[in-house]
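Per-entry structural report
Here is how the chains run, residue by residue.
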Amino acid sequence: MQSSETVSERLSQVIEDNKGLDGPCLPTLIAITQEFGYVPPEAVPMLAKALNLSRAEVHGVLSFYHELHTRPQGRHVVRLCRAESCQAAGCEAVAAEVEKTLGVKPGDTTADGEVTLETVYCFGNCALSPAAMVDGRLMGRATAERVLGAIGKSVKAAE
Amino acid sequence: MMSEEMKIFVPRDSAAKSVGADEVAAAIEAEASKRGLDLQIVRTGSRGMFWLEPLLEVEGRGGRQGFGPISVEDVPALFDANFEGGGKALGLVEEIPFLARQERLTFARCGIIDPVSVEDYRAHGGYEGLTRALGISQEEIVTAVTDSGLRGRGGAGFPAGIKWRTVMDAKADQKYICCNADEGDSGTYADRMIMEGDPLLLIEGMTIAAIAVGATKGFIYIRSEYPDAIATMKEAIQAATAANWLGYDIQGSGKDFVLEVRSGAGAYICGEETSMLDSLEGKRGMVRAKPPLPALQGLFGKPTIVNNVLTLAATPTVLAKGADFYKNYGVGRSRGTQPFQLAGNIKHGGLVEKAFGITLKELIFDFGGGTRSGRPVRAVQVGGPLGAYVPDSQLDLAADYEIMAANGAMLGHGGIVVFDDTVDMAAQARFAMEFCSVESCGKCTPCRIGSTRGVEVIDRIKAGQDREKNIALLEDLCRVMTDGSLCAMGGLTPMPVMSALKHFPGDFGLPEKKSVTH
């Protein structure tokens, strides 16, 4: 566990590193996400102060983008594409099996903090649909077995 | 016996990697060292024949011999056979019909060269366009782009030359070139392939644009779902800068152009140009009202060219080979080539660069080989999530901006998503509304609220509740969204919805012949 002092020191550093950019608010929030895996609550007032913005403005940016999270993600992140190309290739059945096995809906993390499941609209892998991304690795022609296998789990047998 | 300098080409394209290209490359390296063989593995982009990925190529007699799709288990046998013949041998890659029948201008190098090698790029005709641009006036560059008939490849099809002229003529202390690489439409991946397979082409195109209009700073806005494209673009920018093809005093011309990659953070709407500009400014990606045009008041209020990846990537060809060369491809007012992308339920999914005018049927069957499931094609969505669903009876449509529009469809960014006869078109219509409700920026009411109401109305129709009344309501709602939305998100979401209703009324519980006025 990091002490809060360390978190704010690390935040200050990330904010400082990105301050010189044109339009720094979004790139800084992305950099914070890369550093911490999410945007810690204390980042909002710190970034607002550093950029001379209101907290509301920073919160507005933070809440607009699907990939900026205000809570830590699971140790594994499973992202399933649910857009048209993947629908045409059967992504809904893959998603249903993954949801059932993990016991979570898209956007949620398993109770043990192990896996976060997310819906994404398009990875640009549409000739090899359905597409998934598991812990940052893109997977083509995804099946529930391969997606779950990548995080060391197997498909829950039908009831 | 294998020659000492044997070269093996394995794609580093993220789609190829998604089916094991990295593992295959590692297996080749391990096998070579086990056998004490000297070979060089070159990581390239993809040729765009994804059903053959991982597609491995070996320099051989008469050109590159292809092998695919290769798995790790296939590797020892390839070595045993000295990379000659075998069950996975495809012959000369250039002669594979899918590739041989294409007209590759923009994608001429993709899959062939090391994407981040300036030397490789130049050996294959790279930087000829920029070299020519540096020797002529701004006026002449813009005239060449105008005369080529090049239109914006992002979907709207706006003539690139007109946009460039507006920015060139604008007076300002700072101008920007912004590349829209927020390729969010399902069924499209051409931008990604260029950024991963021939990023220097995009850099060259942006540099030509910068010199043409007097801009010194550029941004490439890449969606966060494309981590490989972001990394490769950054690598290529470094390589181009190191070779003085980017940065200050480019090739001793006295011209400066600095380029920066910016990542999105998962927001489909940021592919809309004004929303992208707000996002580049670090803000929420809210759509702006036009006018003012971004060409006059764009990024940070300065004159800005906003072009799609494929538009900018077409300009080096226009400059290197002349406007007439480019213009001689295509039909009507759609000039040049379009990289079409075959996606969804398709047997041979991949990238087909062809002159405008090819029919959907030729693309789906002659190139794509029909559905992957082997079932009949029922519907095809052309132009992304905001594009119409075209029924199988209309696949004779030519891929041309005007012909598609005249038939209530749109070409968009050239993505073609194929569905077989198991598709429920009412569910697809519902998804179009749902997608809009999730991805709307929320600025205008028809899009923000209309999309949510749309989902509800379609649910009622599907449940058989007051079906005729709810159909009328849906049609009315779609008209309001079309006429009243600020941008294409709300304005075009009715396209997939109404086309599904028009062509597949049975899926909505209506008699098959119900005609819909829209």
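These numbers were taken from a predicted model, which means no experiment stands behind them.

A separate point is the overall build of chain A. Of the regular secondary structure elements, chain A holds seven helices and four strands. The helix and strand sequence of chain A, counted from the amino end, reads α-α-α-α-β-α-α-β-β-β-α. Along the first, second and third principal axes, the C-alpha atoms of chain A reach 55 × 35 × 25 Å. Across the 159 residues that make up chain A, the buried fraction comes to 43%. Expressed as a percentage of contacts within chain A between residues at least 6 apart in sequence, the contacts between residues at least 24 apart total 56%.

Residues and elements named next belong to chain B. Pairing within the open sheet is parallel, and its four strands lie in the order E8-E7-E6-E9. Single-partner strands in this sheet number two, and they are strand E8 (258-263) and strand E9 (304-308). Each strand of the sheet is rotated relative to its neighbour by a mean of 20°, with strand direction disregarded. Relative to strand E7 (residues 217-222), strand E6 (residues 176-181) runs parallel, the two being bridged by six bridges. What sits directly across from Tyr 176, in E7, is Lys 217. Running over the sheet, helix H11 (residues 227-242) touches E7 and E8 and is turned about 165° from E8.

With that settled, the discussion passes to the sheet that holds strand E2 (residues 115-120) of chain A. Strand pairing in a sheet relies on backbone hydrogen bonds, with the paired strands running either antiparallel or parallel. Residues and elements named next belong to chain A. Read from one edge to the other, the open sheet built from four strands follows the order E2-E1-E3-E4, with strand pairing classed as mixed. Strand pairing shows two members of the sheet lacking a second neighbour, E2 and strand E4 (137-139), which therefore form its edges. On average, adjacent strands in this sheet sit at an angle of 20° to one another, irrespective of strand direction. Bridge count between strand E3 (residues 132-134) and E4: three bridges; the pairing is antiparallel. Its bridge partner lying in E4, Ala 132 is registered against Met 139. The strands touched by helix H6 (residues 91-102) within the sheet are strand E1 (76-81) and E2, with E1 carrying the most contacts at an inclination of about 155°.

Thresholds, definitions, all that
- Residues numbered from 1 in each chain as written.
- Chains lettered and ligands numbered in written order.
- Predicted model: local features only at pLDDT ≥ 70, side-chain atom pairs only at ≥ 80, totals over all residues.
- Helix = DSSP H or I, 4+ residues; strand = E, 2+ residues; numbered from the N terminus.
- Buried ≥ 20, exposed ≤ 12 C-beta atoms within 10 Å, placed from the backbone.
- Contact = placed C-beta atoms within 7 Å.
- Pairing = 2+ DSSP bridges.
- Axes fitted to C-alpha atoms, helices over the stretch in contact; angles between N-to-C directions.

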